[in-house]
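# Descriptive structure summary
What follows is the residue order along each chain.
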Amino acid sequence: GGVGMFESIKFESMAYRGFANMKVWVQDGELHYAKDVILADDNTDDAVSPMTVEEFWKRHDALGVKGWKEHYEPVDVMVLDGESWTVTYEDSDYKKYTKSGDNEYPANWKKFLKLLSEVAGNLRIVD
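Since the structure is predicted, the reported quantities are computational estimates derived from the model, not experimental observations.

This next bit is on unusual backbone geometry. Although it is not a glycine, Asp-28 sits at a positive phi angle of roughly 50 degrees. Its place among the elements puts Asp-28 in the loop between β2 (18–27) and β3 (30–37). Here Asn-103, not a glycine, exhibits a phi torsion of approximately 55 degrees, which is positive. Note that Asn-103 resides in the loop between β7 (96–102) and α2 (109–120).

Let's shift gears to the nonpolar core. Counting residues in hydrophobic clusters, the biggest one holds 28 residues, and the most contacted among them are Phe-11, Val-24, Phe-56, Val-87 and Phe-112. If one sorts the elements of this core by residue count, α2 sits on top with seven residues.

For an α-helix the count is 3.6 residues per turn, leaving residues at separations of three or four pointing the same way. Of the positions making up helix α1 (residues 53–63), those classed as buried are Val-53, Phe-56, Trp-57, His-60 and Leu-63. Mapping the buried residues of α1 onto a view down its axis gives an arc of 125 degrees, with all of them on the same face. Looking at α1, the residues exposed on the side facing more than 90 degrees away from the buried face are Lys-58 and Ala-62. Following α1 by one or two positions, Gly-64 adopts a phi angle in the positive range, close to 65 degrees.

Tallying each qualifying case throughout the model produces six salt bridges. The salt bridge partner of Lys-58 is Glu-55, with a shortest N-O separation of 3.9 Å. On the criterion of helical spacing, the pair formed by Lys-58 and Glu-55 is a turn pair, its members being three residues apart in helix α1. The exposure class assigned to Lys-58 is exposed, which follows from its relative accessible area of 56%. A salt bridge links Glu-90 to Lys-96; the shortest N-O distance between them is 3.7 Å.

Once that is clear, we can look at the side chain of Ser-49. Positionally, Ser-49 belongs in the loop between β4 (44–48) and α1. Accessibility expressed as a relative area gives 6% for Ser-49, which makes it buried. Non-local contacts of Ser-49, meaning those with residues more than four positions away in its chain, are made with Leu-31, Tyr-33 and Val-119.

Another aspect to go through is the packing of aromatic side chains. Throughout the structure, instances matching the rule amount to twelve aromatic pairs. Residues Phe-11 and Phe-112 carry aromatic rings whose centres are separated by 6.2 Å and whose planes lie at 70 degrees to one another, so their mutual orientation is edge-to-face. Remark: Phe-112 occurs in helix α2 and Phe-11 occurs in strand β1 (residues 6–15); sequence separation between them is 101 residues. Phe-112 sits in the buried class, given a relative accessible area of 1%. Measuring from ring centre to ring centre gives 5.9 Å for Trp-68 and Trp-109, while their planes differ by 50 degrees; the resulting arrangement is tilted. Placement of Trp-68 in the loop between α1 and β5 (71–72) and of Trp-109 in helix α2 is noted, with a sequence separation of 41 residues between them. Here the two residues Trp-68 and Trp-109 agree in accessibility, since each one is buried. Positioned above the aromatic ring of Trp-25, the side-chain terminus of Lys-23 is 6.0 Å from the ring centre.

Here is what the cut-offs are and how they apply
Residues numbered from 1 in each chain as written. Predicted model: local features only at pLDDT ≥ 70, side-chain atom pairs only at ≥ 80, totals over all residues. Heavy atoms only, no water. Helix = DSSP H or I, 4+ residues; strand = E, 2+ residues; numbered from the N terminus. Core = buried A, V, L, I, M, F, W, Y, C linked by side-chain atoms within 4.5 Å. Buried < 20%, exposed > 50% of the residue type's maximum accessible area, 1.4 Å probe, protein only. Arc of directions from axis to C-beta. Salt bridge = Lys/Arg side-chain N within 4 Å of Asp/Glu carboxyl O. Contact = heavy atoms within 4.5 Å. Phe/Tyr/Trp six-rings, centres within 6.5 Å; stacked < 30°, edge-to-face > 60°. Lys NZ or Arg CZ within 6 Å of the ring centre and 35° of its normal.

If you want it as structure tokens, here you go:
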């Protein structure tokens with residue numbers, strides 16, 4: 001994928017310890033983000049990230065988010081408390097894909113959260 005192909009990525013998490021919603025998109029060659037996080041005091045509707053579009057795209061590609069399974073959930077475990085999450089990606093052709101999970105995550109999940117945190121100045125949801 002080239003830089004021009006990147007449209008937006010949205011992350012939503014509902015958990016017993018709070019929620020986090022975040023969207024990252026490209027506008028006029030800059031990386032923008034919006035975040036609404038229960039534990040953060042710097043929520044915003046639209047801010048420009050210090051990270052470059054190229055840097056974000058390179059790291060997003062390296063995480064292979066497109067290759068994640070459609071849905072993650074524990075096998076043979078009934079969990080009432082916990083976290084459900086959704087990642088929605090939309091490219092410049094308006095093609096969308098969604099990945100989701102309940103108390104189960106892709107192998108590089110922490111790296112994905114770290115990337116989002118760096119875009120937005122710490123989501124404070126990374127254990």
